[in-house]
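The lines below spell out each chain.
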Amino acid sequence: MSELFDQLIPMLERSAALTAALALFEWDAETLAPEEASDNTGKIIGILSNDYFHSLINPEVKLLLKKLEEPDHNKQLTLEQKAVIKQLRRTYDQLASIPGREYSEFCELANKSSSVWAKARENNDFKSFEPYLEKVVEYKKKFAGYRLKAEGQKEDPDAIYNVLLSDFEPSLSTKELDDFFELIKEELVPLIQEVAEKKDEIDDAFNSQSFDIQKQREFNTFLADYVGFEKEKGVIAESAHPFTTNLHNKDVRMTNHYYENNLITALFSTIHESGHAIYEMQIRDDLTLTMIGAGASMAVHESQSRFYENIIGKSKEFWKPIYNQLVENFPEQLKDVELDQFVKAINKSLPGYIRTDADELTYPMHILIRYELERALFRDEITVKDLPQEWKKKYTKYLGLKEDTDTKGVLQDTHWSGGDFGYFPTYAIGSAVAAQLYYFMKTQMQFEELLEDGNLAQIKKYLGEHIHQYGMIYDMNELLQNVTGEKFNPSYYVKYLKEKYTKLYGLD
Ligand code: ZN
């Protein structure tokens with residue numbers, strides 16, 4: 001037992017409680033809050049955020065943290081306590097390196113910039129957004145610079161981008177991302193072209209008929225339950241864009257969005273968000289509500305949602321036991337659609353402009369493009385002004401698409417408007433981690449048979465025992481090493497996509 005660590009506990013519990021309260025307000029704002037709530041609620045959020053800041057950034061925490069990091073004290077701590085200290089250090093440095101006044105200026109700017117972005121996207125007007133994005137980028141450079149100074153300035157031209165990346169995926173550097181995307185480019189660009197030439201082979205016209213929203217809601221509720229979302233520990237609501245957040249392991253909030261003329265989109269949002277939710281629900285009781293009581297990183301989280309969505313949910317074996325039930329819900333619309341055709345339709349690949357509509361094969365290209373642009377921006381190789389043109393050039397180069405509007409181009413995603421640079425790569429890394437886990441799990445269990453038998457519980461149990469329960473005790477590479485015996489290895493991802501799409505489009 002460490003007395004020093006015990007002294008820290010009430011402060012950490014306070015910060016965890018405030019984090020949960022803030023998450024609930026955020027979820028509420030996107031789902032149920034009335035239209036006029038935002039100004040007053042904004043004030044409450046401001047006060048809670050300030051309390052959160054001071055619950056961690058104060059002389060008492062600073063001193064305890066420093067003492068607990070000293071080797072003599074540190075070696076007395078348990079594995080879990082060491083992980084808490086490591087995470088506390090990361091959070092402390094992130095929060096404390098930025099002067100308070102600049103931080104609130106930035107929050108205000110980010111808020112304004114996001115609403116300017118939403119209008120700019122609507123009006124295809126990048127020029128109106130440009131000055132805000134320029135300021136956001138300046139702040140991010142400045143803030144990352146403070147962190148570099150604290151850690152000892154490095155000469156690396158990617159030093160700034162590495163700091164941004166580390167906020168979302170601490171176990172990967174720009175160098176490793178370069179290798180990853182190089183492999184993707186080399187192996188996938190030719191396959192995407194080959195598949196695009198066969199674009200008329202898969203008929204998915206059935207998906208644009210009218211599908212009653214209430215009926216969709218009912219089927220998707222069943223589907224969430226079927227894959228393992230526990231309704232006693234979670235709530236499903238609706239929002240403009242589906243997302244999942246958690247208060248703790250027994251209160252996980254997820255959302256969906258239904259489209260009358262598109263059945264498939266909501267099905268896969270359900271499976272994707274359920275993957276995120278199942279992760280949070282299976283975190284150990286002694287870790288939840290601590291600093292390490294959430295998913296290991298953005299990339300690991302995304303690996304779990306994509307494992308469910310793509311590897312499980314887009315397989316024929318998964319749909320075999322439940323496809324009839326979907327047909328019973330929509331007998332008119334699906335009467336001539338056999339299971340084989342449905343499975344082909346949900347996997348259809350076609351280069352398009354919109355990242356969130358992309359299929360599994362073209363998806364990493366959307367991320368590659370954003371990665372190259374972000375990185376060039378933070379290396380000062382391009383400026384914010386250049387983004388729309390550079391964006392279009394890359395869509396032509398990698399996906400063979402001609403110029404289009406900025407609404408469908410550089411303005412399509414919200415991330416940059418709020419300053420989330422370094423976030424996009426975690427989506428593609430997540431897909432790659434999912435493929436690596438998949439090939440290993442196939443050596444441990446009859447994976448496809450379990451799906452055909454509707455036995456998803458066994459897969460969920462495996463992920464719970466090997467990944468979910470640990471929260472943030474281990475990072476991405478440690479988890480992969482512990483489970484599969486090797487660190488992150490993107491070759492499985494390439495193998496997976498090649499095998500899948502070669503078979504689907506009969507390219508042999
Ligand atoms: Zn996700």
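Shown above is the structure to which this text applies.
Residues numbered from 1 in each chain as written. Predicted model: local features only at pLDDT ≥ 70, side-chain atom pairs only at ≥ 80, totals over all residues. Heavy atoms only, no water.

1. Some points on the coordination of the zinc ion
Each protein donor to the zinc ion is listed here as H272 (NE2), H276 (NE2), E302 (OE) and E302 (OE); together their distances run 2.1 to 2.6 Å. Every donor counted, the four donor atoms about the zinc ion form angles of 50 to 128° at the centre, which fits irregular coordination. Counting along the primary sequence, the residues that act as donors to the zinc ion give the motif H-x3-H-x25-E. Of this pair, H272 and H276 both sit in helix α11 (residues 264–281), four residues apart, which is roughly one turn of that helix. In terms of burial, H272 and H276 fall into one category: buried. (Donors = N, O, S within 2.8 Å, 3.2 Å for Na, K, Ca; no water. Tetrahedral: all angles 85-135°; square planar, octahedral: opposite > 155°, others 65-115°. Helix = DSSP H or I, 4+ residues; strand = E, 2+ residues; numbered from the N terminus. Buried < 20%, exposed > 50% of the residue type's maximum accessible area, 1.4 Å probe, protein only.)

2. A closer look at the environment of P157
Tracing the sequence through the fold places P157 in the loop between α7 (126–151) and α8 (159–166). Since its relative accessible area comes to 47%, P157 is described here as partly exposed. Once the C-alpha coordinates of P157 and R379 are considered, the two residues, 222 residues apart in sequence, prove to be 5.9 Å apart. Once residues within four sequence positions are removed from consideration, P157 is found in contact with F378 and R379. (Contact = heavy atoms within 4.5 Å.)

3. Topic: the sheet that holds strand β2 (residues 244–248)
Reading across from one edge, β1-β3-β2 is the order of the three strands in this open sheet, with mixed pairing throughout. Only two strands of the sheet have a single neighbouring strand rather than two, namely β1 (234–238) and β2. On average, each strand axis in the sheet is tilted by 20° relative to the strand beside it, whichever way the strands run. Note: β1 against strand β3 (residues 251–256), five bridges, orientation parallel. Bridge pairing links V235 to R253 in β3. Across the face of the sheet, helix α1 (residues 3–31) comes into contact with β1, β2 and β3 while running at roughly 145° to β2. Lying on the sheet, α11 is in contact with β1, β2 and β3; it crosses β3 at an angle near 170°. (Pairing = 2+ DSSP bridges. Axes fitted to C-alpha atoms, helices over the stretch in contact; angles between N-to-C directions.)

4. Topic: the side chain of H468
Checked against the element boundaries, H468 lands in the loop between α20 (456–466) and α21 (476–484). A distance of 2.8 Å separates the side chain of H468 from the side chain of Q304, its partner in a polar contact. (Polar contact = N/O pair within 3.5 Å; in protein donor to acceptor, adjacent residues only side chain to side chain.)

5. What to know about the pattern of salt bridges
Evaluated as defined, the whole model comprises 43 salt bridges. Between D167 and R147 there is a salt bridge, and its shortest N-O distance comes to 3.0 Å. Taken together, the positions of D167 in the loop between α8 and α9 (174–196) and R147 in helix α7 put the pair 20 residues apart, joining distant regions of the chain. By relative accessible area, D167 is classed as partly exposed at 32%. Overall, R147 belongs to the buried group, its relative accessible area being 11%. D179 is the partner of K175 in a salt bridge, and the nearest nitrogen-oxygen pair spans 3.0 Å. Of this pair, K175 and D179 both sit in helix α9, four residues apart, roughly one helical turn. Of the residues examined, K175 reaches a relative accessible area of 53% and is grouped as exposed. (Salt bridge = Lys/Arg side-chain N within 4 Å of Asp/Glu carboxyl O.)

6. Focus on the nonpolar core
One finds F307, F318, W319, L326, L387, F447 and I459 to be the most contacted residues of the largest nonpolar core, which totals 127 residues. Excluding its chain neighbours within four sequence positions, the residues that come into contact with F307 are I312, A434, L437, Y438, M441, F447, I459 and L463. By size, the runner-up hydrophobic cluster in this structure holds 25 residues, among which are L12, F53, L64 and M472. (Core = buried A, V, L, I, M, F, W, Y, C linked by side-chain atoms within 4.5 Å.)

7. Quick notes on the packing of aromatic side chains
Under the defined criterion, the tally for this structure stands at 35 aromatic pairs. Here the aromatic rings of Y323 and F342 are separated by 4.8 Å at their centres, their planes lie at 35°, and the arrangement is tilted. Here the residue Y323 occupies a position in helix α14 (residues 323–329), and F342 occupies one in helix α15 (residues 339–347), the gap between them amounting to 19 residues. No difference in accessibility class separates Y323 from F342, as the two residues are buried. By the ring-pair criterion, three or more aromatic residues cluster together here, those being F168, F378, W391, Y395, W416, F421, Y423, F424 and Y427. One Lys or Arg, K135, reaches over the ring of Y132 and ends 5.6 Å from the middle of that ring. (Phe/Tyr/Trp six-rings, centres within 6.5 Å; stacked < 30°, edge-to-face > 60°. Lys NZ or Arg CZ within 6 Å of the ring centre and 35° of its normal.)

8. Examining the environment of H54
You can see H54 is positioned in helix α2 (residues 38–56). When the C-alpha atoms of H54 and F268 are compared, they prove to be 40 Å apart, with 214 residues separating the residues in sequence.

9. A closer look at α8
Taking burial as the measure, the eight residues of α8 include six buried ones, the bulk of the element. Residues of α8 that are buried: A159, I160, Y161, V163, L164 and L165. Elements in contact with the buried residues of α8: α7, α9, α16 (363–378) and α18 (425–444).

10. Section: the side chain of S2
Of note, S2 is situated in the segment before α1. Relative accessible area serves as the criterion here: at 6%, S2 is assigned to the buried category. If near-sequence neighbours (up to four positions away) are discounted, S2 is found in contact with L68 and L77.

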